[in-house]
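Here are the chains, one letter per residue:
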Amino acid sequence: MRVLVSGASLAGPTLAYWLTRRGHDVTIVERAARPREGGSPIDVRGAAVDVADRMGLLPAISAARVRTEAIEYVDGRGRRKASIHPEAYAEPGGRDIEVERGALVNLLYDATKNDTEYRFEESIATLAQDAGGVDVTFVRGGPERFDLVVGADGTHSIVRRLVFGEESRFLRHLGLYVSIVSVDPALGTENRGVMYNSPGRLAGVYRYRGKADAVFMFRSPELSYDHHDLHQQKKLLSDVYSGEGWQVPALLDAVAAADDLYFDAVNQVHMSTWSRGRVTLVGDAGYCASPLSGMGTTLAMVGAAALAEALESGEDALARYEQAHRPLVTKAQASVSRGAGMLVPATSGAIWRRDQFTKLLPMLLAGRRLVGR
Ligand SMILES: Cc1cc2nc3c(=O)[nH]c(=O)nc-3n(C[C@H](O)[C@H](O)[C@H](O)COP(=O)(O)OP(=O)(O)OC[C@H]3O[C@@H](n4cnc5c(N)ncnc54)[C@H](O)[C@@H]3O)c2cc1C
């Protein structure tokens, strides 16, 4: 088959890896000029660890591992109020890996670039399918025909919009916005996330492997802005956080100077089907669970492998892909309900309760373990 994939992040290259192994001819178009490395560390969990293992990437992923020793909540003067030590609660013998997002993006690109045709600064303009194939026009290149088109182009997928309709029909806003930007490592403490809250807002610095990211998360109903307008996103952030204490002014200076920024609503994508004819979706494009789930990378990698496997067996391949992968998606999407309350409490009272709960957590967990025995 000639397969066109839109998006060269995590889902797209994972799919390309498995399809080219099976002899298919894969082209990936990516709107950016190169694979986008930004973002904070992400989790590779459960079945995604097995997918990475089968791709031979586990040693390299493990080498780029990030270990979060503590998440600390501080007040406006930077004094520590409560802290969590995630490794203390990790499942004994668990294989989940927290890894630099950029390192994973680059590993997947390197593992596929020799067998996959990558076209950067390119995007699909139109799609028209008939029983025998899909005719595609591009923003830059000339028209071509493919046997299958896959949208691996994230929550604002162009493939989804062209084939299934406006994104407002599928995006479920969870009442928050998130932004991540690289900052001077001197602003952070190695292997720690330091978080400051005011009602409805979180600002933090997460430092790992000698680098640091500022993280902003704030409660807001849906905002109207241009997803491609960096200047507008910077202005939104500086308006929301103006006058805040702690290190926020220094973090906003980094925002002002940044030439790339991850800024998006915290959304989920809900669709009754991910496929129509010879077009299908994989990863956030079809079933984003939101950063609050910690499952975006896992759903993308496992979904890509499931799609490639289903395509092996011909008839009803896309229906079988959905059948195999939907239970994991449903579970991940249902898991986010408590995340926002812990990270971005809405009121001063809720911040205080979150801090008290965090202080009591080790005791609560130890008690539960005792009872469990
Ligand atoms: C720069 C960046 C930073 C991120 N940071 C975080 C983070 O800190 N924490 C977190 O939980 N998640 C983050 N994410 C999201 C995370 O990568 C995904 O949730 C998850 O890994 C699923 O990956 P995906 O491949 O399905 O989608 P995504 O990772 O969203 O990738 C979609 C890709 O498609 C490309 N694309 C979009 N539109 C088009 C188009 N019209 N034509 C061609 N290409 C297009 C994008 O440039 C991108 O490379 C980030 C995503 C990006 C792109």
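In this numbering scheme, every chain counts its residues from 1 along its sequence in written order. Only residues with pLDDT of at least 70 get local features here, since the model is predicted, and only at 80 or more are side-chain atom pairs given and counted; chain-wide, interface and lining totals rely on the full set of residues. Working from all heavy atoms in the structure, the side-chain values ignore hydrogens and water.

K.L.:
Sorry, what's going on with helix H8 (residues 248-257) here?
P.N.:
It helps to recall that an α-helix has 3.6 residues per turn; residues three or four apart then point in one direction. Whether a residue is buried, partly exposed or exposed follows from its accessible area with a 1.4 Å probe, protein chains only, as a fraction of its type maximum: under 20%, in between, or over 50%, in that order. Under the DSSP-based scheme used, a helix requires at least four consecutive residues in state H or I and a strand at least two consecutive residues in state E, with every element numbered from the N terminus. Inspection of H8 places Val248, Leu251, Leu252, Ala254 and Val255 among the buried residues, and these make up the whole buried set. Seen along its axis, H8 keeps its buried residues to an arc of 155°; they face one direction. Exposed positions of H8 whose direction lies more than 90 degrees from the buried face are Asp253, Ala256 and Ala257. On its buried side, H8 packs onto strand S12 (171-183), strand S13 (192-198), strand S14 (201-208), strand S15 (211-219) and helix H7 (230-241). Read the arc as the range of directions from the helix axis to the C-beta atoms. Residue contacts are defined here by distance: any two heavy atoms, one from each residue, within 4.5 Å place the two residues in contact.

K.L.:
Explanation requested: the site of the ligand in the structure shown.
P.N.:
For this description, a residue counts as near a given molecule or strand if any of its non-hydrogen atoms is within 4 Å of it. Around the ligand lies a shell of 27 residues, among which Ser9, Leu10, Glu30, Ser40 and Asp284 are the nearest. We define a polar contact as two N or O atoms separated by no more than 3.5 Å, with the added condition that, inside protein, one atom must be a possible hydrogen donor and the other a possible acceptor, whereas residues neighbouring each other in sequence contribute only through side-chain atom pairs. Within the contact set of the ligand, an oxygen atom lies 2.6 Å away from a side-chain nitrogen or oxygen of Glu30. Accessibility throughout is a Shrake-Rupley quantity obtained with a 1.4 Å probe, and a residue counts as covered only by protein chains that appear here. Burial of the ligand by the protein chains amounts to 91% of its free accessible area of 920 Å². At the level of secondary structure, the elements contributing two or more residues to the shell around the ligand comprise strand S2 (25-30) and helix H10 (296-312). Sort the elements by how many residues they give to the shell around the ligand and H10 lands first, with 3 residues. Taken together, the residues of the shell around the ligand break down into 9 nonpolar, 11 polar and 7 charged. Residue classes follow a fixed rule: Ala, Val, Leu, Ile, Met, Phe, Trp, Tyr, Cys and Pro count as nonpolar, while Asp, Glu, Lys and Arg count as charged, and any other residue, Gly among them, counts as polar.

K.L.:
For this particular structure, what's the right way to read the domain arrangement of the protein chain?
P.N.:
For interface size, the figure often reported is the accessible area lost on association. The domain boundaries here were taken from an automatic or database domain assignment. Along its sequence, the protein chain is carved into domain 1 (2-64 + 100-170 + 270-334) and domain 2 (68-95 + 174-266 + 343-373). For domain 1 versus domain 2, the distance between C-alpha centres works out to 29 Å. Between domain 1 and domain 2, the residue contacts involve 18 residues of the former and 18 residues of the latter. Together, the buried faces of domain 1 and domain 2 total about 1400 Å²; carbon and sulfur atoms form 55% of this surface. We define a salt bridge as a contact between a side-chain nitrogen of Lys or Arg and a carboxyl oxygen of Asp or Glu at a distance within 4 Å. Across the domain 1-domain 2 interface, the total number found is 5 salt bridges. Between Arg209 and Glu100 there is a salt bridge; the shortest N-O distance is 2.9 Å. The term buried area denotes the loss of accessible surface (1.4 Å probe radius) that occurs when two parts are joined, taken as the sum for both partners.

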